[in-house]
Number of protein chains: 2
Amino acid sequence: MISSNDKAGHYAVIFTSKKGDDLEGYGDMAAQMVDLASQQPGFVGIESFGEPPFGTTISYWESREAIAAWGRNADHRLAQQAGHGRFYETFALRICRIEDVRRK
Amino acid sequence: MISSNDKAGHYAVIFTSKKGDDLEGYGDMAAQMVDLASQQPGFVGIESFGEPPFGTTISYWESREAIAAWGRNADHRLAQQAGHGRFYETFALRICRIEDVRRK
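Scoring rules and cut-offs
Residues numbered from 1 in each chain as written. Chains lettered and ligands numbered in written order. Predicted model: local features only at pLDDT ≥ 70, side-chain atom pairs only at ≥ 80, totals over all residues. Heavy atoms only, no water. Pairing = 2+ DSSP bridges. Helix = DSSP H or I, 4+ residues; strand = E, 2+ residues; numbered from the N terminus. Axes fitted to C-alpha atoms, helices over the stretch in contact; angles between N-to-C directions. Least-squares fit on C-alpha atoms with pLDDT ≥ 70 in both. Salt bridge = Lys/Arg side-chain N within 4 Å of Asp/Glu carboxyl O. Buried < 20%, exposed > 50% of the residue type's maximum accessible area, 1.4 Å probe, protein only.

Novice: I'd love a proper account of the sheet that holds strand 1 (residues 11-19) of chain B, names of residues and values included.
Specialist: Spatially, the eight strands line up as an open sheet ordered 2(A)-3(A)-1(A)-4(A)-4(B)-1(B)-3(B)-2(B), and their pairing is antiparallel. Two strands in the sheet have a free side with no partner beyond their single neighbour: strand 2 (43-51) of chain A together with strand 2 (43-51) of chain B. Between one strand and the next, the sheet's axes are offset by a mean angle of 25°, whatever the strand orientation. Where strand 1 (residues 11-19) of chain A lies against strand 3 (residues 54-61) of chain A, eight bridges are found, and the strand directions are antiparallel. In the sheet register, V13 of chain A faces strand 3 of chain A, and the bridge partner there is S59 of chain A.

Novice: Could you give me a rundown of the relation of the copies chain A and chain B, with the residues and numbers involved?
Specialist: For the pair chain A and chain B, the superposition axis carries a translation of 0.0 Å, the fit reaches an RMSD of 0.0 Å, and the rotation angle comes to 180°. Here the transformation between the copies is reduced to the relation of a two-fold axis.

Novice: Can you tell me about the pattern of salt bridges, naming the residues and giving the values?
Specialist: Summed over all chains, the structure comprises 14 salt bridges over all chains. Residue E47 of chain A is joined to R94 of chain B by a salt bridge in which the shortest nitrogen-to-oxygen separation is 2.8 Å. Pair noted here: E47 of chain A is in strand 2 and R94 of chain B is in strand 4 (residues 88-103), and the two residues belong to different chains. Exposure class is identical for E47 of chain A and R94 of chain B. Each is buried. The shortest N-O distance in the salt bridge between R94 of chain A and D6 of chain B comes to 2.8 Å. Pair noted here: R94 of chain A is in strand 4 (residues 88-103) and D6 of chain B is in the segment before strand 1, and the two residues belong to different chains. An identical accessibility class is assigned to R94 of chain A and D6 of chain B; each is buried. A network of salt bridges, in which partner residues are shared, links D6, E47 and R103 of chain A together with R94 of chain B.

Novice: Explain the environment of G25 of chain B to me, using residue names and the numbers behind them.
Specialist: By the element assignment, G25 of chain B lies in the loop between strand 1 and helix 1 (26-37). The spacing of G25 of chain B and A82 of chain B is 57 residues in sequence and 9.9 Å in space, taken between C-alpha atoms.

What is shown is where atoms sit, not what they do.
Below, the structure is given as structure tokens:
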């Protein structure tokens with residue numbers, strides 16, 4: 001639940017969303033995307049929290065190239081289309097470069 | 001619940017934590033810190049989600065200088081000490097520069 005391998009120089013993708021009412025198939029798709037993302041080259045970790053209808057997923061990557069490659073994945077593109085067109089009422093996605101990390 | 005004014009060039013602070021068992025006073029302190037943070041110069045927005053004992057708070061800032069100034073705030077320093085010493089079993093804090101933002 002806390003990503004432990006991300007470090008300075010890596011990238012974080014912060015995806016915060018408000019879902020709409022038509023969520024048929026959403027849960028399965030979201031779980032499948034987490035599973036698929038975690039198998040991609042350059043994947044570092046993921047943290048996901050929901051307080052419906054809001055939620056946030058922060059994924060960590062070794063590089064922007066790894067994020068771009070995941071963005072081009074065919075199954076992911078279908079999920080993005082479903083997300084944009086149907087599941088999400090609003091979202092914000094930020095691609096961020098990690099400059100500093102502190103842990104306890 | 002979704003920060004709407006953050007943009008490329010701004011900074012995100014991703015704070016993900018696992019709380020321990022001794023949480024007396026935690027809720028009040030956390031609410032007070034959100035309130036105080038939102039009054040700081042350079043504060044842009046905040047997103048917070050909890051699935052106890054885990055939680056994440058993402059705050060957005062205009063600059064690293066604004067983050068550093070907030071880190072030096074006296075009340076915030078007391079809260080940090082309580083968090084580090086007592087409330088949080090584990091945490092990870094990442095300071096990130098936002099490079100790209102997409103919204104629906």
